[in-house]
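Chain by chain, the residues:
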There are 2 protein chains.
Amino acid sequence: MTQITREDCAKLDAADPLAPFRDEFVLPDGVIYLDGNSLGALPKAAPGRVADLIEREWGRDLVKSWNTAGWWDKPRTLGAKLAPLVGAAPHEVVVGDGTSANLFKAVIAALRLAPDRRVVVGETGNFPTDLYITQGAVELMGATERRVDPDGPELAEALAAGDVAAVLLSHVDYRTGALRDMAGITRMVHDSGALMIWDLCHSVGAVPIELSAWGADFAVGCTYKYLNAGPGAPAFSYVAERHHATARQPLSGWHGHARPFDFTGDYVPVDTASRFLSGSQPLVADAALEASLDLFARVDMRRVREKSVAMTEMFIDLTAPAGLGLVTPRDAERRGSQVALSHPDPEAGYPTVQALIARGVIGDFRAPDVLRFGFTPLYLRYVDVFDAATALVEVVRTGEWRDPRFAERAQVT
Amino acid sequence: MTQITREDCAKLDAADPLAPFRDEFVLPDGVIYLDGNSLGALPKAAPGRVADLIEREWGRDLVKSWNTAGWWDKPRTLGAKLAPLVGAAPHEVVVGDGTSANLFKAVIAALRLAPDRRVVVGETGNFPTDLYITQGAVELMGATERRVDPDGPELAEALAAGDVAAVLLSHVDYRTGALRDMAGITRMVHDSGALMIWDLCHSVGAVPIELSAWGADFAVGCTYKYLNAGPGAPAFSYVAERHHATARQPLSGWHGHARPFDFTGDYVPVDTASRFLSGSQPLVADAALEASLDLFARVDMRRVREKSVAMTEMFIDLTAPAGLGLVTPRDAERRGSQVALSHPDPEAGYPTVQALIARGVIGDFRAPDVLRFGFTPLYLRYVDVFDAATALVEVVRTGEWRDPRFAERAQVT
């Protein structure tokens, strides 16, 4: 195999149909940002959209904006804008609350739809909040949780017992970057009589998703990673239409009511995905999300996936001389938009990431030993991939990471 | 009684120690805003603070702001800034999620602290989401809800049965504006062996509150009414220190974990109010709240209360000639920062409010028959109260509200 050169990368950039999108993001000088899988970069349209909400809708029009600026329906209008990115009908997605709360709603709704099954299957290596929230939900429901490695035979074994109400998996593993076969797994879960909940946090905006076609029952995702909606931006819930009249989530606030402005004393959920809403949502944060979703309306997700695969492939090839372990699947079909590497010396991972950050290449570290690099096709160039890979190889080869200043741990890793 | 004149009001404004705060808010020309109890006005400092978060902390510093801009600790630093307004220690308040979710957490935590008591007492006329959320929580817990009128003998009667785990009441009734005796009610509830949860949505920022001194166990409040943090801004939870090691809420996300960055599989709640946190919070919205709380740090809440009482008193007196029913308690000690009136003709209430809005006096209507007027001492003048009262008397006397265009209902009332 002939190694790709920086010049080759520049040619790829010149021919890249997604290249113009880079100019729609704020990217600091001297930085190659490979952490968009943690916090997406700022769309240039966001500050203006937020300022307009604050100064015109809130400041000038005040409370009347609940009607005139569409505030009341924002969870639905944003849901409809997000729906194409997850292969859902517009009325199957609502935006609101955080990922943790929405996971809680989905797990309890699923347990209620299968009252004679008392097990929720989760995955051993899932992002902790998925595990913790499932723990909290099953405890309330007198159910139990069983954790498996979904990339091996354990899932099928767990389902065979016939007592599984629901399975909650991440579409892309936050640590390894493994991309799961949503269609195949959902089919297997349904064949066993269980419901399927997908966590899309690490795939939405980076990987084509077809929730309806692939049969998902519920899904939850955040918007601050590949969707670039800003730190802690509101999350979303997908509720398949077939569950709109029957799925009952417990955070039964007034925004999920069939007739919220009757102000009656009894909770009657509306027969749409809006029954997964609870209370009022932070509209200032919603405005940044809207700016980002309006940008995604012009994006062809197939091209995003093609470029993402090309970039992760390239990064894996170019960093091979560093001699790190490849944690992410080698098969591009089974890989999300990130590359995870492990250093043979368990003490070296964290300072290696810090040494790269000092060079302007921002990735992150996930305990116990994973160096994570996220690839966002909308604002990264192939030359960035080349430069980042070159930097990583140099940091490892030269031992630059051994500088004591790179060992100092920040509060949030 | 000699009727107060507009000139008298102008003199009161000239002598008002809170008057300078008016200049710190954006107030549209030609508007008298008496709906700050629904959505507070925009503090002038908010747009800049939000823009700085977006452009510098997010856009330039990206993911590193989780450490350098204090994002991770924001629920606690904002909680500490809010704590003085509710009479709590800094570590007893955390900011995050919405009112509905936080009510859910408090009700379930209270039920778990009293496992041999299975009743939650709520109030018949509470804001619907309080009722709906309680319904959702008791259903999950195999408990029941009993609703009473807390302003009469029913609460004591309900407590006498000895089966009440918790009582959830609003400090100020959203419709009538009645202000409850927090200290006395909390004592009575505790004497019966139950826990006390206060909803502060309609009192925080308008009425002095002493949660610790008055013995509250849990409290929840929103920040977008008298706290002026913007539409749907994040809510807060108060957890009395004595419950920090034992209160268990079910939305057990990673932000409530004792060691969140160990990324372990088992949920172990931290022994502080942070155990009431779940997931990441919308920091763009938090920035507007921070601007508002920094303003409140300079506010003497006793002066706010004095001016609020003077204003509601004045509005009641000046609107008496309109012949409307006074729904709000006549006794200022039992009144929040709002005046609620009812029109003898049940069809007249809504169009009367619309006719006032057409004149630039913004109040709101709450079904079935209440005209609500909120008084925000930080940005209202006594002359505003005079002009608003004069307008209301004219609209009622002249029958101006009968114009058909005022009968058209908006989606959000």
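Just so you know, these numbers come straight off a predicted model, no measurement behind them.

Draft legend 1. The arrangement of the environment of Met-314 of chain B in detail. Structurally, Met-314 of chain B can be placed in helix H10 (residues 301-319). Spatially, the C-alpha atom of Met-314 of chain B lies 8.8 Å from that of Ala-389 of chain B, the residues being 75 residues apart in sequence.

Draft legend 2. Structural view of the relation of the copies chain A and chain B. Expressed as a screw transformation, the operator carrying chain A onto chain B has a rotation angle of 180 degrees and an axial translation of 0.0 Å, and the superposed copies differ by an RMSD of 0.0 Å. Taken together, the turn and the small shift mark the pair as related by a two-fold rotation axis. In terms of proximity to the rotation axis, the leading residue of chain A is Ala-285 of chain A, whose C-alpha is 2.7 Å off the axis. A share of 100% of the interface residues of chain A reappears at the interface of chain B, consistent with the copies meeting face to face through the same patch.

Draft legend 3. Inspection of the environment of Val-121 of chain B at higher detail. Residues and elements named next belong to chain B. Mapped onto the secondary structure, Val-121 falls in strand S5 (residues 119-123). With 27 residues separating them in the primary sequence, Val-121 and Val-148 have C-alpha atoms 7.1 Å apart. Setting aside its immediate chain neighbours within four residues, Val-121 contacts Arg-146, Val-148, Leu-155, Ala-158, Val-164, Ala-166, Val-167 and Leu-168.

Draft legend 4. Just H10 of chain B, in detail. Residue and element names in this part refer to chain B. Here H10 is 19 residues long and its end C-alpha atoms lie 27 Å apart, about the 27 Å a rise of 1.5 Å per residue gives. Within H10 the residues assigned to the buried category are Met-301, Val-304, Arg-305, Lys-307, Ser-308, Met-311, Thr-312, Met-314, Phe-315, Ile-316, Leu-318 and Thr-319. For H10, the N-terminal cap is Asp-300; the gap from its side-chain oxygen to the backbone nitrogen of Arg-302 is 2.9 Å.

Draft legend 5. Expanded view of the side chain of Thr-223 of chain A. With respect to the helices and strands, the residue Thr-223 of chain A is situated in the loop between strand S9 (218-221) and strand S10 (236-239). Residues within four places of Thr-223 of chain A in sequence aside, it is in contact with Leu-82, Asn-228, Ala-229, Ala-233, Pro-234, Phe-236 and Leu-289 of chain A.

Draft legend 6. Region of interest: the UniProt feature "modified residue: N6-(pyridoxal phosphate)lysine" (unreviewed entry) in chain A. Residues and elements named next belong to chain A. UniProt feature "modified residue: N6-(pyridoxal phosphate)lysine" (unreviewed entry): in the numbering of this structure it lies at Lys-225. With respect to the helices and strands, Lys-225 occurs in the loop between S9 and S10. Setting aside chain neighbours within four positions, we find Lys-225 in contact with Gly-36, Asn-37, Ser-38, Leu-39, Gly-40, Cys-201 and His-202. Side-chain polar atoms of Lys-225 contact the backbone oxygen of Asn-37, separated by 3.4 Å.

Draft legend 7. Region of the structure containing the interface of chain A and chain B. Taken residue by residue, the interface counts 78 residues in chain A and 78 residues in chain B. Along the contact surface separating chain A from chain B lie two salt bridges. Here Glu-139 of chain A and Arg-248 of chain B are joined by a salt bridge, their closest N and O atoms 2.1 Å apart. For the pair chain A and chain B, the number of links is 20 residue pairs in polar contact (both at pLDDT 80 or more). With ten residues, the single largest contributor to the side of chain A that touches chain B is helix H6 (residues 128-141) of chain A. Across the side of chain A that touches chain B, the residue classes break down as 46 nonpolar, 22 polar and ten charged.

Draft legend 8. Examining the sheet that holds strand S11 (residues 325-326) of chain B more closely. Residue and element names in this part refer to chain B. Read from one edge of the open sheet, four strands run S11-S12-S15-S14, paired in antiparallel fashion. Each end of this open sheet is capped by a strand with a single partner; those strands are S11 and strand S14 (364-366). Of the strand pairs in this sheet, S14 and strand S15 (residues 370-374) are connected by three bridges, and their pairing is antiparallel. Counterpart to Asp-364 in the pairing with S15 is Arg-372.

Draft legend 9. Structural detail: the packing of helix H1 (residues 6-15) of chain B against helix H12 (residues 382-398) of chain B. All names here are of chain B. Where H1 meets H12, the closest approach of the two axes is 7 Å, and the angle between their N-to-C directions is 155 degrees. Relative to H12, the element H1 lies roughly antiparallel. Residues Arg-6, Cys-9, Ala-10, Leu-12 and Asp-13 of H1 form the contact with H12, whose participating residues are Tyr-382, Val-383, Phe-386 and Asp-387. Counted by class, the contact of H1 with H12 contains six nonpolar, no polar and three charged residues.

Draft legend 10. Structural detail: the pattern of salt bridges. Evaluated as defined, the whole model comprises 72 salt bridges over all chains. Residues participating in the shared-partner salt-bridge network are Arg-49, Asp-52, Arg-56, Glu-57, Lys-74, Lys-81, Glu-290 and Asp-294 of chain A.

Draft legend 11. How the structure looks around the UniProt feature "binding site: pyridoxal 5'-phosphate" (unreviewed entry) in chain A. Residues and elements named next belong to chain A. Within the UniProt annotation, "binding site: pyridoxal 5'-phosphate" (unreviewed entry) is assigned to Thr-99, Ser-100, Phe-127, Pro-128, Thr-129, Asp-130, Asp-199, His-202, Tyr-224 and Trp-254. A maximum C-alpha distance of 30.2 Å is found for the annotated residues, which run over 156 residues; spatially they are spread out rather than grouped. Among the secondary structure elements, Pro-128 is positioned in helix H6. The residue His-202 is located in the loop between strand S8 (195-199) and S9 in this model. According to the relative accessible area criterion, His-202 is buried, its value standing at 6%.

Draft legend 12. Up close: the domain arrangement of chain A. Residue and element names in this part refer to chain A. Domain boundaries assigned for chain A yield domain 1 (6-30 + 300-404) and domain 2 (48-296). Across the boundary between the two partners, domain 1 contributes 27 residues, which contact 19 residues of domain 2. Together domain 1 and domain 2 conceal approximately 1800 Å² of surface at their shared face, both sides included; 61% is due to carbon and sulfur atoms. When the buried surface of domain 1 facing domain 2 is broken down by residue, Met-301, Arg-334 and Gln-338 rank first, second and third, together holding 29% of it. For the interface between domain 1 and domain 2, the tally reads one salt bridge. Ionic pairing is found between Asp-369 and Arg-175, a salt bridge with its closest N-O pair at 3.9 Å. There are seven residue pairs in polar contact (both at pLDDT 80 or more) connecting domain 1 and domain 2. Of all the secondary structure elements, the ones that give two or more residues to the side of domain 1 that touches domain 2 are helix H10 (301-319), strand S12 (338-342) and strand S15 (370-374). Within the side of domain 1 that touches domain 2, the residues separate by chemical class into 13 nonpolar, six polar and eight charged.

Draft legend 13. Local environment of helix H2 (residues 45-60) of chain A. Residue and element names in this part refer to chain A. Helix length check: H2 (16 residues) gives 21 Å between terminal C-alpha atoms against 22 Å at 1.5 Å per residue, within 8%. Buried within H2 we find Ala-46, Pro-47, Arg-49, Val-50, Leu-53, Ile-54, Glu-57, Trp-58 and Gly-59. Looking one or two residues past H2, Leu-62 carries a phi angle of roughly 50 degrees, positive in sign.

Draft legend 14. Seen up close, the nonpolar core. Ranked by size, the top nonpolar core spans 231 residues in total, and within it Val-86, Leu-200 and Phe-315 of chain A together with Val-86, Leu-200 and Phe-315 of chain B carry the most contacts. Each residue touching Leu-200 of chain B, except ones within four places of it in the same chain, is listed here: Val-86, His-171, Met-182, Ile-209, Leu-211, Ala-219, Val-220, Gly-221 and Phe-236 of chain B. In this structure, Ala-109, Ala-114, Ala-143 and Ala-166 of chain A belong to the second largest nonpolar core, which totals 62 residues.

Draft legend 15. Seen up close, the pairing of strand S5 (residues 119-123) of chain A. Residues and elements named next belong to chain A. Across the five residues of S5, five count as buried, placing the element largely inside the fold. A two-sided burial pattern is seen for S5, the buried positions comprising Val-119, Val-121 and Glu-123 on one face and Val-120 and Gly-122 on the other. Relative to strand S6 (residues 144-148), S5 runs parallel, the two sharing five bridges. Paired with Gly-122 across the two strands is Arg-147, which belongs to S6. Crossover S5 to S6 through H6 is right-handed. Judged from the three bridges that link them, S5 and strand S7 (residues 164-170) form a sheet pairing that is parallel.

Definitions and cut-offs
- Residues numbered from 1 in each chain as written.
- Chains lettered and ligands numbered in written order.
- Predicted model: local features only at pLDDT ≥ 70, side-chain atom pairs only at ≥ 80, totals over all residues.
- Heavy atoms only, no water.
- Helix = DSSP H or I, 4+ residues; strand = E, 2+ residues; numbered from the N terminus.
- Least-squares fit on C-alpha atoms with pLDDT ≥ 70 in both.
- Contact = heavy atoms within 4.5 Å.
- Expected span 1.5 Å × (residues − 1).
- Buried < 20%, exposed > 50% of the residue type's maximum accessible area, 1.4 Å probe, protein only.
- Polar contact = N/O pair within 3.5 Å; in protein donor to acceptor, adjacent residues only side chain to side chain.
- UniProt positions renumbered as here; feature names shortened; annotations may be inferred.
- Salt bridge = Lys/Arg side-chain N within 4 Å of Asp/Glu carboxyl O.
- Nonpolar A, V, L, I, M, F, W, Y, C, P; charged D, E, K, R; others polar.
- Pairing = 2+ DSSP bridges.
- Axes fitted to C-alpha atoms, helices over the stretch in contact; angles between N-to-C directions.
- Parallel < 35°, antiparallel > 145°, perpendicular 65-115°, else oblique.
- Domains from an automatic or database assignment.
- Buried area = accessible area lost by both parts, 1.4 Å probe.
- Core = buried A, V, L, I, M, F, W, Y, C linked by side-chain atoms within 4.5 Å.
- Right-handed = clockwise from strand over helix to strand, strands pointing away.

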